[in-house]
Amino acid sequence: MGPGRHCVAFLVYDGVTLLDVAGPAEVFVEANRFGADYGVRLMSPTGDDVVSNLGFRVAVDGAVSSEPAVGTYLVAGSGLFPRTSVPRDLASAARVPAAGAGRVGSICTGAFVLAAAGLLDGKRATTHWQVAHELASRCPTCTVEPDAIYVRDGTTYTSAGVTAGIDLALALVEEDHGADVARDVARALVVYMQRAGGQSQFSAPLQGPPPRTPALRKVTDLVTADPGGSHSLGDLARHLGVSTRHLTRLFHDELAITPARYVESIRFDVARAALDQGHTATEAAARAGFPSYESMRRVFARRLCMSPTAYQRRFGTTRRTPTS
């Protein structure tokens, strides 16, 4: 590694998700074409080559203990986590170079490795939306932001699922070399420099475990079965024969949400599914029980930072519209 070069080191291990490494690494290497000077190195806990999630053997440059201090230290993710706990030796390997790195980060479920190493204690972080709740459970002192594409807390960076590692790498390039270089890299790789919205636009409908309280289950079942029905706070309370204050407390204590926001969430999920199926925005609003298209548009803007029609264009199909 030449003098003045910014070393970007990736921690890899058996089962590592190859795209978690290749995507961000491509950003740094591409940035060198526009004036940056990054050197990319791969490290494994023992210095042995590893086998990726695709079965490809990945050659590494050395063991973590043999590497000098690095500028940026990134831990790639794996489908192994959080299905299994992070092995102690991997957590220890993550901790060694982090101590001397200028900044530390993770891609996707690499956040579980950072958490196991104690590197997310007391910090804000994110990971793939599907496992954000598990990260919060394993690292209770960490504030997990499940909708973020990436999160910076001081010199610690975490990113969401797989391709969000590219978003994170672009942000790091911009931090080092400015927006113009990062923009050139994004254009060269044909990716957004900053994508609109958060992880919510990619997530499946919000269908968690049923509430424990029988009364609350009655309400959630009613709303799910008929999202277009009359579900004001008063109507729901009368349906159960309880006070509005008691019903609000039930939702707060068990689901950490207000009744109105719960109804909105169900309607949002139904509308999004209708758009995915090819219905027009007006049809989707009617199917979901929104009073009007405008009310649905406001919910999409707040949750996804885009309109229903923009969402449908982005996720409705991979087929390009023919040009004349």
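Up top you'll find the structure we're talking about.
Residues numbered from 1 in each chain as written. Predicted model: local features only at pLDDT ≥ 70, side-chain atom pairs only at ≥ 80, totals over all residues. Heavy atoms only, no water.

Points about the pattern of salt bridges
Tallying each qualifying case throughout the model produces 15 salt bridges. Arg183 is the partner of Asp180 in a salt bridge, and the nearest nitrogen-oxygen pair spans 3.0 Å. You can see Asp180 and its partner Arg183 sitting in helix H6 (residues 179–189), three residues apart, about one turn around the helix. Across the pair Asp269 and Arg272 runs a salt bridge, and its minimum N-O distance is 3.9 Å. Here the residue Asp269 and the residue Arg272 both occupy positions in helix H10 (residues 259–276), the gap between them amounting to three residues, near one helical turn. The buried category is assigned to Arg272, whose relative accessible area is 4%. The network of salt bridges with shared partners includes Arg103, Arg152, Glu175 and Asp176. (Salt bridge = Lys/Arg side-chain N within 4 Å of Asp/Glu carboxyl O. Helix = DSSP H or I, 4+ residues; strand = E, 2+ residues; numbered from the N terminus. Buried < 20%, exposed > 50% of the residue type's maximum accessible area, 1.4 Å probe, protein only.)

Remarks on the side chain of Asp153
Within the secondary structure layout, Asp153 lies in strand S10 (residues 150–153). Within the buried set, Asp153 has no salt-bridge partner at all; the shortest N-O distance to an opposite charge, 4.5 Å, is to Lys123. One polar contact links the side chain of Asp153 to the main-chain amide nitrogen of Arg124, over a distance of 2.8 Å. Once residues within four sequence positions are removed from consideration, Asp153 is found in contact with Gly122, Lys123 and Arg124. (Lys, Arg positive; Asp, Glu negative; His and termini not counted. Polar contact = N/O pair within 3.5 Å; in protein donor to acceptor, adjacent residues only side chain to side chain. Contact = heavy atoms within 4.5 Å.)

What about helix H8 (residues 233–240)?
Considered for burial, the residues of H8 that qualify are Leu236, Ala237 and Leu240. For H8, the buried positions fall inside an angular range of 100 degrees around the axis, keeping them on one side. Its buried side turned inward, H8 meets helix H7 (214–225), helix H9 (244–255) and H10. Gly241 lies just past H8 and shows a positive phi near 75 degrees. (Arc of directions from axis to C-beta.)

Comments concerning the pairing of strand S11 (residues 156–159)
Here S11 shows no split at all, with Thr156 and Thr158 on one side and Tyr157 and Ser159 on the other all buried. The pairing of strand S7 (residues 103–106) with S11 spans three bridges and is parallel. Residue pairing for S11: Ser106 is matched across the bridge by Thr158. Of the strand pairs in this sheet, S10 and S11 are connected by four bridges, and their pairing is antiparallel. The residue of S11 that forms the bridge with Val151 is Thr158. (Pairing = 2+ DSSP bridges.)

Here's the deal with the sheet that holds S10
Hydrogen bonds along the backbone pair up the strands of a sheet, which may run parallel or antiparallel. Strand order in this open sheet of seven strands is S5-S2-S1-S6-S7-S11-S10, and the pairing throughout is mixed. On the outer flanks of this sheet lie strand S5 (62–63) and S10, each paired with one strand and no other. Of the strand pairs in this sheet, strand S2 (residues 38–44) and S5 are connected by two bridges, and their pairing is parallel. Along S5, the bridge assignment pairs Met43 with Gly62. Its contacts with the sheet put helix H5 (residues 164–177) on strand S1 (6–11), S2, strand S6 (72–75), S7, S10 and S11, and the angle it makes with S11 is roughly 150 degrees. (Axes fitted to C-alpha atoms, helices over the stretch in contact; angles between N-to-C directions.)

Quick look at the packing of aromatic side chains
Across all of its chains, the model carries five aromatic pairs by this definition. Ring geometry for Phe300 and Tyr311: centres 6.0 Å apart, planes at 70 degrees, overall edge-to-face. Here Phe300, found in helix H12 (residues 293–304), pairs with Tyr311, found in helix H13 (residues 308–315); they are 11 residues apart in sequence, far enough to count as distant. Comparing Phe300 with Tyr311 shows no difference in burial state: the two are buried. Here the aromatic cluster, defined as three or more aromatic residues joined through ring pairs, consists of Phe268, Phe300 and Tyr311. Cation over ring: Arg303 sits above Phe268, and NZ or CZ is 4.9 Å from the ring centre. (Phe/Tyr/Trp six-rings, centres within 6.5 Å; stacked < 30°, edge-to-face > 60°. Lys NZ or Arg CZ within 6 Å of the ring centre and 35° of its normal.)

Section: the side chain of Ser78
For Ser78, the position within the fold is in the loop between S6 and helix H2 (88–98). Residues contacting Ser78, with those up to four places away along its chain left out, are Tyr13, Gly15, Val16, Thr17, Asp20 and Thr109.

Notes on the packing of H7 against H10
Their axes nearest at 10 Å, the elements H7 and H10 cross at an angle of 35 degrees. Our pair here, H7 against H10, has a crossing hand that is right-handed. Residues Thr220, Val223 and Thr224 of H7 form the contact with H10, whose own contacting residues are Tyr262, Val263 and Ile266. Grouping the amino acids of the contact of H7 with H10 by side-chain chemistry returns four nonpolar, two polar and no charged. (Left-handed = near helix turned anticlockwise from the far one by under 90°. Nonpolar A, V, L, I, M, F, W, Y, C, P; charged D, E, K, R; others polar.)

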